[in-house]
Amino acid sequence: MKQIISNEWKSLLRVKAFSYLTYFFIMSLGVVSWLGTVQNKEQDVQQKKATEHVRAQWENIKQMNTHSAAHFGSYAFKPVTPLSSMDDGVSASTGNVIRLEAHVQNETAYSEASQSLSISKFGKLKPSLILQFVIPLFLIFLAFNSVSKEKEQGRLKLLVLQGASLPKLVVAKTIGVWTYGVLLLLFTLVVQILLNLQSISVDYFWRLSLLFFSYCAYYYVVTALTVYFSARLANNTAALSSMIAVWLLWTIFLPKIWGNSVEKIYPLPSREEFKALMAQDRSQGIDGHNPSDKRGKAFEEKILAQYKMDSLSQLPVNFDGMRMQQDEEYGNMVWDRHFGNKYKVLEKQKKTYQYSGIINPFASLQDASMGFSGSDMLHFVNFQLQAEHYRRILIKTLNDKQTYGGSKTGDWGWKENNDFYRSVKDFEYRTPVLKEVWSSYSLNLLTLALWVVFTTILIIFGSKKTTIL
């Protein structure tokens with residue numbers, strides 16, 4: 001088998017076009033990896049500057065009413081991950097900035113897609129684009145005549161007569177072509193490591209290792225299936241056209257068909273409908289800015305009874321701050337219901353889409369690539385949840401200061417000094433480590449592994465039926 005693999009590589013290296021294309025792929029992957037890393041670092045620098053600017057504005061508040069400061073608010077920025085330079089996933093279309101303020105849970109804004117005309121349906125030019133679409137297509141062109149050419153030239157019969165078994169021959173030819181894809185992948189990952197030395201961690205290596213496994217598995221599936229067609233079909237043309245049809249089905253048609261079906265099975269409300277329903281529910285709660293609101297009056301009576309006082313002016317605390325926080329608590333309940341339902345639907349959509357990996361290994365590869373790069377919808381939702389958690393802590397801190405900080409009810413001219421605002425902690429996003437999200441991608445790895453087993457069985461047993469004449 002080693003001799004067959006060696007001969008396969010020798011025959012490939014004798015073709016000048018193969019060498020030129022190899023140089024082209026190496027240069028393309030190197031340049032694209034470098035450009036992706038440069039873009040990542042520039043974005044990281046800009047985000048840090050924006051974060052420092054927003055924090056400086058907050059810390060430079062001299063004197064301000066705490067509820068006014070709650071409306072002044074802050075911003076949360078989603079940092080780029082080191083591996084998003086390899087696969088930026090949904091990052092270009094989801095945005096990476098959330099405004100944090102009182103009374104509202106904002107959505108992310110300032111997505112690249114909304115500010116650029118260069119975002120194509122395939123996304124930006126990243127290594128993942130070449131690794132997912134171009135390299136597999138090239139492997140098909142390398143493998144489509146690997147066995148059929150031997151049949152047409154009469155060498156297959158000679159090899160069998162010399163003692164080479166057909167299963168070993170087909171497996172060896174599969175490994176020979178597959179190794180080429182693996183070497184290009186290894187080159188890309190090594191470049192990624194060298195360009196991100198300052199970001200290397202245990203979690204980074206685990207993510208990189210699983211990316212390596214995912215792409216290797218997909219390349220093997222593509223190569224093995226192509227070699228199988230080459231062995232079983234009548235000629236080169238039939239083998240090539242059959243595998244190209246499968247490649248088009250996997251990469252273009254099935255993702256679109258399955259994706260649209262998933263959206264029909266688990267539909268999300270439109271943005272307008274979502275906001276309207278949330279506003280309707282929100283209007284049924286207490287209004288922190290309306291003292292005459294009926295629900296506000298009921299809450300007022302409750303607090304007076306609790307403190308055993310006859311009027312708000314007798315309270316030892318500021319009732320305005322209490323009412324504002326009560327308003328926030330009701331709003332949080334509404335947002336938890338609506339955004340929670342939205343996240344549940346997204347989770348169901350993701351899980352259902354992952355099942356398409358059973359018939360389409362490309363779907364498993366794409367989802368695993370985005371996930372292990374930290375740029376998929378799961379990581380995006382995690383950022384939203386962390387930002388919202390911080391927003392609630394921030395607003396409650398400000399409302400509690402108004403309530404228990406020494407001001408009286410109705411004293412809207414009361415202001416807190418700079419020391420207090422400096423003491424409020426800033427938002428710090430923590431990217432989930434792999435072990436926290438591992439279970440969300442295990443199905444992708446499982447389906448890719450099953451495809452490897454299936455195609456191996458296919459080429460071994462299918463090759464036994466190959467006509468050697």
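Look up a bit, the structure's there.
The following paragraphs examine the structure supplied in this document. Note that the structure is a prediction, hence the values are computed from the model and not measured.

### Quick look at the packing of helix H10 (residues 236–265) against helix H13 (residues 319–354)
Next, step 1: Across the interface, H10 lies against H13 with an axial gap of 10 Å and an inter-helix angle of 145°. Seen along the crossing, H10 lies across H13 with a hand that is right-handed. Residues Pro255, Trp258, Gly259, Val262 and Glu263 of H10 lie in contact with H13, whose contacting residues are Gln349, Thr352 and Tyr353.
Next, step 2: Residues belonging to the contact of H10 with H13 are distributed by class as follows: four nonpolar, three polar and one charged.

### Observations concerning the environment of Asp419
Next, step 1: With respect to the element layout, Asp419 can be found in helix H16 (residues 418–423).
Next, step 2: Residue Asp419 is classed as exposed on the basis of its relative accessible area of 57%.
Next, step 3: Linking Asp419 and Ile61, residues 358 residues apart in sequence, is a C-alpha distance of 9.2 Å.

### Thoughts on empty space enclosed by the protein
Next, step 1: Using the criterion set out here, one finds one cavity of 30 Å³ or more in the structure.
Next, step 2: There is about 60 Å³ of room inside the largest cavity.
Next, step 3: In terms of lining, the largest cavity is formed by Ile98, Arg99, Leu100, Gln105, Asn106, Phe339, Tyr343, Gln384, Ala387, Glu388 and Arg391.
Next, step 4: Taken together, the elements giving at least two residues each to the lining of the largest cavity come down to strand E3 (97–101), H13 and helix H15 (377–404).
Next, step 5: The dominant element in the lining of the largest cavity, judged by the number of residues it contributes, is H15, at four residues.
Next, step 6: For the lining of the largest cavity, the per-class residue count stands at five nonpolar, three polar and three charged.

What counts and what doesn't
- Residues numbered from 1 in each chain as written.
- Predicted model: local features only at pLDDT ≥ 70, side-chain atom pairs only at ≥ 80, totals over all residues.
- Heavy atoms only, no water.
- Axes fitted to C-alpha atoms, helices over the stretch in contact; angles between N-to-C directions.
- Helix = DSSP H or I, 4+ residues; strand = E, 2+ residues; numbered from the N terminus.
- Left-handed = near helix turned anticlockwise from the far one by under 90°.
- Contact = heavy atoms within 4.5 Å.
- Nonpolar A, V, L, I, M, F, W, Y, C, P; charged D, E, K, R; others polar.
- Buried < 20%, exposed > 50% of the residue type's maximum accessible area, 1.4 Å probe, protein only.
- 1 Å grid on protein atoms, 1.4 Å probe; cavity = no way out; pocket = protein on both sides within 12 Å on 5 of 7 lines; lining within 4 Å.
- Points joined across faces, edges and corners; volume = space filled by probe spheres on them.

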